[in-house]
Protein chains: 2
Amino acid sequence: MKKYCFGVDVGGTTIKLGLFTVEGELLEKWEIPTRTENQSEAVLPDVASAVQGKMEEKGIAKEDVAGIGFGVPGPVTAEGIIVMNANLGWRNKNVSRELEELTGLPCKGGNDVKTAGLGEMWRGGAAGYKDAVFITLGTGVGAAIIVDGKVILGSKGAAGEVGHIKVDGEITQPCGCGGVGCMEQFASAPGIVKMAKELLERSDRPSCLRGKEITAKIVFDAVKAGDELAMEVAERFGHYLGYALSATAAIVDPEAFIIGGGVSRAGDILIEYVQKYYKKYVWPGCRDKQFVLAKLGNDAGIYGAASYVL
Amino acid sequence: MKKYCFGVDVGGTTIKLGLFTVEGELLEKWEIPTRTENQSEAVLPDVASAVQGKMEEKGIAKEDVAGIGFGVPGPVTAEGIIVMNANLGWRNKNVSRELEELTGLPCKGGNDVKTAGLGEMWRGGAAGYKDAVFITLGTGVGAAIIVDGKVILGSKGAAGEVGHIKVDGEITQPCGCGGVGCMEQFASAPGIVKMAKELLERSDRPSCLRGKEITAKIVFDAVKAGDELAMEVAERFGHYLGYALSATAAIVDPEAFIIGGGVSRAGDILIEYVQKYYKKYVWPGCRDKQFVLAKLGNDAGIYGAASYVL
């Protein structure tokens, strides 16, 4: 009878790990650094050591562990192959198989954003919805498209790349993907900061943002304080994200949008701006959707990862 | 042992019916008019009579019939309820149950576009694909989003309303949905005709379209003949449809796009224009998708309908 499982969320700078009961209770969580030297060759051995160390520390026998679930950045195929990941330097890497060989435990995983979406669906803001879209607004913008209770992968593991829907033909700077005018260039944390800096530079208008180290959180705090320049940034943010979500609704018709990632720490104010433009652009039959904030924060990934092996 | 089934495609002006073997061979097809008076109260009794008449004519016993599958316009829920259909005047109508009561046969159905998508997946241009998007370009623009071999419904049966993705903020005339700048306003048959007429009116440029009764087919025939004005219409068509499909790819990452409906009779030339803009706007990881024409034409609906009861 299995009693425990592990959830592992591999990020570009840290690897988050969680020890769970098979009932889904998080017993303990911790982090280790992501060592990216030499195509991140140490990452999977480090994960294996961390898991094995925790089992020894807690006196957990191998036969008590259901397995290790993991989330990794970049597209992952249905067979669990990471096609390509620039940050980690991985290409056509079979993480499940390698981690199984290292630990002797069953291993299963997927893309990090989809994994976080699974976590929110299991224990967070998306719980109770069969059809939902989980969006993360962080350094980039990603999404997990949940259809009939399952996160869809797409034919090459690329479903949910909503951050690369084109929203602005006017902009000329390219996105990291090579395209121009991607939603991610506006609705991500760096996008919000960039819009604020541009507005500040373009005029002498007073703003409490002047002289500050600008972050997305600080912009939305200024919005709450009634700062007009910050409100203009929030309008643009809402316009671009609301538009992209209106297109998403026209394709998959979810019950709800769950908004997570670092930017979502701005709180409900963010939803007001997104909904305003969402309702402006969306097909009338899809107007009344729920917009909710994600609930698990940085733990969504380890929860979702754990759910793979349960 | 069941030997036959019926596929019924209810349109706004005609109802198409097909008698199939349970192996999926179309034995016979015919049409009856759609009588829309008094909230289309005659439609389901007419379908029942047509089916029963065919069974008598062919000497088919009730116990030999697997059932009647049907496609109807407008959103249909997973429970088979037509939420609302303006053309037929139906609202919260349980077509399956009413048709079962009229015929004593098992009945099952769904939205007409999704049904046609099922047909193309079963026997047409989408055969062999697990993840695909079937688009119909006709009086309107609809789509069936196929994920992992199934046409997805969405939470209110509205998945696939890609025709109402906003593509142009400049236009001021509203779409039938009440929104402004919907893709359907450009990429549908009436949209193409309207774009051509506007270009003809706006200048004296020579064009073989002048003086003709313009249809989408005639516009694309003119494109093939090298008519510059028609080619400008095709560029706009390709731009708007290609853009909307690039957004669709970023959300569901299909293997292929299957293009059907009346406009698709223009042939491969249409795909050239769509692909050109699709590749311009899409996220690089989704650039290499198949674009194919639908194969079943007007029969896609009855094939898909039959597949519901097999």
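Residues numbered from 1 in each chain as written. Chains lettered and ligands numbered in written order. Predicted model: local features only at pLDDT ≥ 70, side-chain atom pairs only at ≥ 80, totals over all residues. Heavy atoms only, no water.

**Considerations on the overall build of chain A**
A tally of regular secondary structure across chain A gives ten helices and twelve strands. A compact globule built from 310 residues would reach a C-alpha radius of gyration of about 19 Å, and chain A, at 20 Å, matches this within 12%. Each principal axis of the C-alpha atoms in chain A carries an extent, and together these give about 65 × 45 × 35 Å. Taking all 310 residues of chain A together, 59% fall into the buried category. (Helix = DSSP H or I, 4+ residues; strand = E, 2+ residues; numbered from the N terminus. Rg over C-alpha atoms; globule rule 2.2 N^0.38 Å. Buried < 20%, exposed > 50% of the residue type's maximum accessible area, 1.4 Å probe, protein only.)

**Here we look at the side chain of Thr136(A)**
Assignment of secondary structure puts Thr136(A) in strand S8 (residues 132-137). Residues in contact with Thr136(A), not counting those within four places in the same chain, are Val113(A), Val141(A), Gly142(A), Gly260(A) and Gly261(A). (Contact = heavy atoms within 4.5 Å.)

**Let's talk about the interface of chain A and chain B**
The interface of chain A with chain B comprises 34 residues on the first partner and 34 residues on the second. Both faces considered, chain A and chain B share a buried interface measuring about 2,700 Å² in area, 65% of it formed by carbon and sulfur atoms. For the pair chain A and chain B, the number of links is zero salt bridges. Taken together, the connections running from chain A to chain B amount to 23 residue pairs in polar contact (both at pLDDT 80 or more). When residues of the side of chain A that touches chain B are traced back to their parent elements, those giving at least two are strand S9 (141-147) and helix H8 (228-252) of chain A. At six residues, H8(A) tops the list of elements feeding residues into the side of chain A that touches chain B. Considering only residue class, the side of chain A that touches chain B consists of 21 nonpolar, six polar and seven charged. (Buried area = accessible area lost by both parts, 1.4 Å probe. Salt bridge = Lys/Arg side-chain N within 4 Å of Asp/Glu carboxyl O. Polar contact = N/O pair within 3.5 Å; in protein donor to acceptor, adjacent residues only side chain to side chain. Nonpolar A, V, L, I, M, F, W, Y, C, P; charged D, E, K, R; others polar.)

**Let's talk about the state of the cysteines**
All names here are of chain A. Per the counting criterion, the structure on display carries zero disulfides over all chains. For cysteine 182, which is in no disulfide, the shortest distance to another cysteine sulfur is to cysteine 177 and amounts to 3.7 Å. On the basis of relative accessible area, cysteine 182 is assigned to the buried category, the value being 0%. (Disulfide = S-S within 2.5 Å.)

**Digging into the packing of helix H4 (residues 112-123) of chain A against helix H10 (residues 300-308) of chain A**
A pair of packed helices is captured by two measures, namely the crossing angle of their axes and the spacing between those axes. All names here are of chain A. Following both chains from N to C, one finds H4 and H10 inclined at 85 degrees, their axes separated by 6 Å at the closest point. In terms of orientation, H4 lies roughly perpendicular with respect to H10. Packed against H4, whose contacting residues are Thr115, Ala116, Leu118, Gly119, Glu120, Trp122 and Arg123, the element H10 presents Ala300, Gly301, Tyr303, Gly304, Ala305, Ala306, Ser307 and Tyr308 at the interface. Partitioned by chemical class, the residues of the contact of H4 with H10 number eight nonpolar, five polar and two charged. (Axes fitted to C-alpha atoms, helices over the stretch in contact; angles between N-to-C directions. Parallel < 35°, antiparallel > 145°, perpendicular 65-115°, else oblique.)

**A few points about the relation of the copies chain A and chain B**
You can overlay chain A on chain B at an RMSD of 0.1 Å; the transform is a turn of 180 degrees with a shift of 0.0 Å along its axis. Such values leave the two copies arranged in the relation of a two-fold axis. Most of the interface of chain A is mirrored in chain B: 100% of its interface residues are interface residues there too. (Least-squares fit on C-alpha atoms with pLDDT ≥ 70 in both.)

**Section: the environment of Ser40(A)**
Residue and element names in this part refer to chain A. Here serine 40 shows up in helix H1 (residues 37-40). Under the relative-accessibility criterion, serine 40 is labelled buried at 1%. Contact partners of serine 40, with chain neighbours within four places excluded, come to Arg35, Leu88 and Trp90.

**Details of the packing of aromatic side chains**
Residue and element names in this part refer to chain A. For the structure on display, the rule yields 16 aromatic pairs over all chains. Centroid distance phenylalanine 20 to tyrosine 303: 5.1 Å. Interplanar angle 70 degrees. Geometry classified as edge-to-face. Highlighted residues: phenylalanine 20 in strand S2 (residues 14-21) and tyrosine 303 in helix H10, separated in sequence by 283 residues. Residue phenylalanine 20 shares its accessibility class with tyrosine 303, and that shared class is buried. (Phe/Tyr/Trp six-rings, centres within 6.5 Å; stacked < 30°, edge-to-face > 60°.)

**Observations regarding helix H2 (residues 43-58) of chain B**
Residues and elements named next belong to chain B. Spanning 16 residues, H2 covers 23 Å between terminal C-alpha atoms, matching the ideal 22 Å at 1.5 Å per step. Those residues of H2 lying buried are Val43, Leu44, Asp46, Val47, Ala48, Ala50, Val51, Lys54 and Met55. One or two steps after H2, the chain reaches glycine 59, where phi turns positive at roughly 65 degrees. (Expected span 1.5 Å × (residues − 1).)

**Looking at the pattern of salt bridges**
Residues and elements named next belong to chain B. This model, assessed by the stated rule, comprises 26 salt bridges over all chains. A salt bridge links lysine 217 to aspartate 221; the nearest nitrogen and oxygen atoms lie 3.1 Å apart. One end of the pair, lysine 217, and the other, aspartate 221, are both in helix H7 (residues 216-224), four residues apart, so they sit about a helical turn from each other. Judged by relative accessible area, lysine 217 falls into the partly exposed class, the value being 40%. Residue classification places aspartate 221 among the partly exposed residues on the basis of a relative accessible area of 32%. Close ionic contact of aspartate 253 with lysine 289 constitutes a salt bridge, the shortest N to O distance being 2.5 Å. On the criterion of sequence distance, the pair formed by aspartate 253 in the loop between helix H8 (228-252) and strand S11 (256-260) and lysine 289 in the loop between helix H9 (268-281) and strand S12 (290-293) is long-range, its members being 36 residues apart. With respect to class, aspartate 253 is no different from lysine 289; both count as buried.

**What to know about the nonpolar core**
Of all hydrophobic cores here, the largest spans 128 residues; its most connected members are Phe220(A), Phe237(A), Phe220(B) and Phe237(B). Contacts of Phe220(B), omitting those with residues within four sequence positions, involve Ile192(B), Ala234(B), Phe237(B), Val263(B), Ala266(B), Ile269(B) and Leu270(B). (Core = buried A, V, L, I, M, F, W, Y, C linked by side-chain atoms within 4.5 Å.)

**Looking at the pairing of strand S3 (residues 26-33) of chain A**
The sheet contact formed by S2(A) and S3(A) spans seven bridges and is antiparallel. Within the sheet, the bridge partner assigned to Thr14(A) lies in S3(A) and is Pro33(A). (Pairing = 2+ DSSP bridges.)

**Regarding the sheet that holds strand S10 (residues 150-151) of chain B**
Residues and elements named next belong to chain B. Spatially, five strands are ordered S10-S9-S8-S11-S12 in an open sheet, and the strand pairing comes out mixed. Of all strands in the sheet, those with a lone pairing partner are S10 and S12, marking the two edges. The sheet contacts of helix H4 (residues 112-123) involve strand S8 (132-137), strand S9 (141-147), S10 and S11, and relative to S9 the element is tilted by about 55 degrees. Strand contacts of H8: S8, S9, S11 and S12, with the helix running at about 150 degrees to S8, the strand carrying the most contacts.

**Details of H8(B)**
All names here are of chain B. Compared with the 36 Å implied by 1.5 Å per residue over 25 residues, the 35 Å span of H8 between its first and last C-alpha is a close match. Among the 25 residues that make up H8, 19 are buried, leaving the element largely enclosed by the rest of the structure. Looking at where H8 begins, the residue whose side-chain oxygen comes 3.3 Å from the main-chain nitrogen of leucine 229 is aspartate 227. At the C-terminal side of H8, aspartate 253 shows a positive phi close to 45 degrees.

**What to know about the sheet that holds strand S3 (residues 26-33) of chain B**
All names here are of chain B. With mixed pairing, the five strands of this open sheet are ordered in space as S3-S2-S1-S4-S7. At either margin of the open sheet sits one strand with a lone partner, and together these are S3 and strand S7 (107-111). Going from strand to strand, the sheet's axes swing by 15 degrees on average, the running direction of each strand aside. Along the sheet, H4 makes contact with strand S1 (4-10), strand S4 (65-72) and S7, crossing S7 at roughly 105 degrees. In the packing of helix H10 (residues 300-308) onto the sheet, contacts are made with S1, strand S2 (14-21), S3, S4 and S7, and the angle to S1 comes to roughly 130 degrees.

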